[in-house]
Number of protein chains: 2
Amino acid sequence: MISIHPLYDLPEIAAGDDLAALLRTSLSSAGLLPLQTGDVLVVTQKILSKMEGRMVDLATVVPSPGAIELAEQTRKDPRLIELVLQESTAIVRAVPNILITRHRLGHVMANSGIDRSNIGPGATERALLLPIDPDRSARQLLEAMSSNSDSRMAVVISDSFGRPWRHGVVGVAIGAAGLPALVDRRGDQDRDGRRLEVTQIALADQIATAAALVTGEGAESVPAALIRGLNLPEGENCAGAIVRPMDEDLFQ
Amino acid sequence: MISIHPLYDLPEIAAGDDLAALLRTSLSSAGLLPLQTGDVLVVTQKILSKMEGRMVDLATVVPSPGAIELAEQTRKDPRLIELVLQESTAIVRAVPNILITRHRLGHVMANSGIDRSNIGPGATERALLLPIDPDRSARQLLEAMSSNSDSRMAVVISDSFGRPWRHGVVGVAIGAAGLPALVDRRGDQDRDGRRLEVTQIALADQIATAAALVTGEGAESVPAALIRGLNLPEGENCAGAIVRPMDEDLFQ
C-alpha cells in the first residue's frame, strides 16, 4: 500500500526561509517522522520559488520590442511576456491566449512556468518564476531532510502542465533527487518472457501527479505532500532526464 | 490521507469473464470491502480488453496496401499497422519506429493503443485492441460494484501514454464513471481572491497515474488498484471529456 499525506500547516514561505526546517515541523505535527525508506517528499514549485526569492514585481519589468509584439499576438501583459522570454530558449506556440515555450531548463510549458495566482495578498502585479535549478534544490532538500537517516528516500519538486491533446493539467516533476526520475527498463521482460514494448516510465512525473491529488490548485491549496510506501527502483537520475531534447521533438 | 492498494490476486482474464465478480473477490481478500465514499477502482485497459474479447490473432489480419506502405515507413509489422489504421481516425505522426494516431475514441496515442506485451503465454502473434467503449464499460463496472451501496465511488479505466516533449510513459484515463474526469474550476478564486489561471484539472488522468505507481508495467504487473480517501468533486463527466478535439489541436 502507498499512502499520500498532505502537509497542511506550512506557513506562507518567504525568500530565504529554511524550507527543510519548516517541512520537518510540518511532518512532525502530522506524525510522519521519522522518515522511512520509500518515502518521497513532494514540494510544489511555488513554495520553492518563494524560498528562492523568485518573485518579480511586474512594475520593475521593461518589456523589449519583441516582448511587446508577442504580447499583442498572445493578448497577454507585455511585462509578463518579457519575463517569459527571459526564462525560455524557444517559443513552441504563440496564438491568442496561449504561449507555450521551451523553458531554459528544457521543459515545454505554458508561459515558461510563470505563475500569477496564489502568490500572496495584493499579488496582482507580481509574478513568480520557476526555481533557478530545481534538480539541485531537490538534492539540497534531500540532504537536509535525510542527514540523520539511513533510509532511502527521495524528493520531487512538482508543477502542473497542460498537454497538447488533452484538456486539463496534471502534475509533473521539474526537480528530483534520490530516485530514478526516468526508469529505464529496456531489456526487461514481461511475465510471458516477451521484451517490454514500454521501456521507460516517468516515475517522478507519476509521483508528482499522485501528490497533486492532495496538493491541488486553488482555495484548498496544499504546498507539499509525503508519499509513503513506494518501492523505489535502483539507480538515480534527475527530472532533467525526463526532458526530451529539442532534436527528438516530434513536432519541430 | 489517500491510500493506493494494489489488487494482486486476479486470475488471468478471459473473454466473457465477470470482471466485477473477480474484482470483488480480490477486494475482499485484500480486506477492502465494503467499498466507501471516496473509493476509486482503477482497472487497467489490458484486463478490460481481454474481458471484452479484444484479442486479435495477427495471422487472421490481411494488411491493406495503405497499411503495407505505412508499415515500411514506420518499420513495423504490416498486420499490426492494419489494426492500427482500423482503430484510428487520423495519423498524427509516422516516422521510423514511431506511429502516433488519433484513436477512434479521440485519444492521441502510439499505435492506436494496441499492445503486444503481457497478453498471455505464446502471445507473439497476437495483439490486444483497446476496449470498445471504455467510458461505458466504466459505467457498467461502477453499477455492478456499487449496486448494494449508498457510497459515492468511481471507476477509472487506465492506460499509459507517452508525451511529445517528455520521455517515459505516465498513466492516463481512457474510461471513467462516477466522478468528474475533467474538473472545471473556471470562475473559482484562489486563497487571495484572484481568479485561478489553471482552470481545468484532468482528475481521472491523475487518478490513473497515481494507480500506475502500483500497477506498473512488466514482470510485477498488477492489473487493478483501489484508491481510497479521495475527496471527489461534485459533478460527473467521462474520460471523453478530457480529449481535446481535433479542431483545438495546437499542432494541426
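Note that the structure is a prediction, hence the values are computed from the model and not measured.

Re the overall build of chain A
Next, step 1: Of regular secondary structure, chain A possesses six helices and twelve strands.
Next, step 2: Partitioning the contacts of chain A with sequence separation of at least 6, the portion at a separation of at least 24 is 62%.

Structural notes on unusual backbone geometry
Next, step 1: Here the residue pair Leu33(A) and Pro34(A) is connected by a cis peptide bond, since its omega of 0 degrees sits within 30 degrees of zero.
Next, step 2: Along the chain, Pro34(A) turns up in the loop between α1 (19-29) and β2 (40-44).
Next, step 3: Even without being a glycine, Asn97(B) presents a positive backbone phi close to 75 degrees.
Next, step 4: With respect to the helices and strands, Asn97(B) occurs in the loop between β4 (88-95) and β5 (98-103).
Next, step 5: Its relative accessible area of 51% is what places Asn97(B) among the exposed residues.

Brief notes about the domain arrangement of chain A
Residue and element names in this part refer to chain A.
Next, step 1: Segmentation of chain A into domains returns domain 1 (1-53 + 131-244) and domain 2 (55-130).
Next, step 2: The distance between the C-alpha centroids of domain 1 and domain 2 comes to 25 Å.
Next, step 3: When the two sides are added together, the surface that domain 1 and domain 2 hide from each other amounts to roughly 1300 Å², 56% of it contributed by carbon and sulfur.
Next, step 4: The largest per-residue losses of area from domain 1 upon contact with domain 2 belong to Lys46, Phe161 and Val243, which jointly make up 34% of the total buried on that side.
Next, step 5: Here domain 1 and domain 2 share one salt bridge between them.
Next, step 6: Here Asp115 ties to Lys46 by a salt bridge, and the two come within 3.6 Å at their closest N and O atoms.
Next, step 7: Contributing elements (two or more residues each) for the side of domain 1 that touches domain 2: α2 (45-51), β8 (154-161) and β9 (170-177).
Next, step 8: Element by element, the count of residues in the side of domain 1 that touches domain 2 is highest for α2, at four residues.

Focus: the pattern of salt bridges
Next, step 1: Here the structure, examined in full by the defined rule, presents 20 salt bridges over all chains.
Next, step 2: A salt bridge links Asp39(A) to Arg228(A), with the nearest nitrogen and oxygen atoms 2.7 Å apart. Of this pair, Asp39(A) sits in the loop between α1 and β2 while Arg228(A) sits in strand β12 (residues 224-228), and the two are 189 residues apart along the sequence.
Next, step 3: For Arg228(A), a relative accessible area of 14% translates into the label buried.
Next, step 4: A salt bridge links Arg166(A) to Asp205(B), with the nearest nitrogen and oxygen atoms 2.9 Å apart. With Arg166(A) in the loop between β8 and β9 and Asp205(B) in helix α6 (residues 203-215), this residue pair bridges two chains. Comparing Arg166(A) with Asp205(B), the two get one shared label, buried.
Next, step 5: Here the residues in one salt-bridge network are Arg54(A), Glu87(A) and Arg104(A), joined through shared partners.

Let's talk about the packing of α1(A) against helix α5 (residues 134-146) of chain A
Residue and element names in this part refer to chain A.
Next, step 1: Here α1 crosses α5 at 50 degrees, and the two axes come no closer than 9 Å. It follows from the interaxial angle that α1 and α5 lie oblique. Classified by chirality, the crossing of α5 by α1 is right-handed. Contacts from Leu19, Ala20, Leu23, Arg24 and Leu27 in α1 reach Leu141, Ala144 and Met145 in α5.

Comments concerning the pairing of strand β8 (residues 154-163) of chain B
Residue and element names in this part refer to chain B.
Next, step 1: Burial analysis of β8 places eight of its ten residues in the buried class, the great majority of the element.
Next, step 2: Across five bridges, the pairing between strand β2 (residues 40-44) and β8 is parallel. Note on β8: the bridge partner recorded for Thr44 is Ser158.
Next, step 3: As defined by bridge partners, β8 adjoins strand β9 (residues 166-177) across eight bridges and the pair is classed as antiparallel. From the neighbouring strand, Ser158 faces β9, where its bridge partner is Ala173.
Next, step 4: The loop that links β8 with its antiparallel partner β9 comprises two residues.

Here we look at the pairing of strand β5 (residues 98-103) of chain A
Moving residue by residue along a regular strand, the side chains alternate between the two faces of the sheet.
Residue and element names in this part refer to chain A.
Next, step 1: Counting buried residues along β5, five of its six residues qualify, which places the element largely inside the surrounding structure.
Next, step 2: Note: strand β4 (residues 88-95) against β5, six bridges, orientation antiparallel. Its bridge partner lying in β5, Val95 is registered against Ile98.
Next, step 3: Counting the residues in the hairpin turn of β4 and β5 gives two residues, including Asn97, whose phi is positive at 70 degrees.

Conventions used here
Residues numbered from 1 in each chain as written. Chains lettered and ligands numbered in written order. Predicted model: local features only at pLDDT ≥ 70, side-chain atom pairs only at ≥ 80, totals over all residues. Heavy atoms only, no water. Helix = DSSP H or I, 4+ residues; strand = E, 2+ residues; numbered from the N terminus. Contact = heavy atoms within 4.5 Å. Buried < 20%, exposed > 50% of the residue type's maximum accessible area, 1.4 Å probe, protein only. Domains from an automatic or database assignment. Buried area = accessible area lost by both parts, 1.4 Å probe. Salt bridge = Lys/Arg side-chain N within 4 Å of Asp/Glu carboxyl O. Axes fitted to C-alpha atoms, helices over the stretch in contact; angles between N-to-C directions. Parallel < 35°, antiparallel > 145°, perpendicular 65-115°, else oblique. Left-handed = near helix turned anticlockwise from the far one by under 90°. Pairing = 2+ DSSP bridges.

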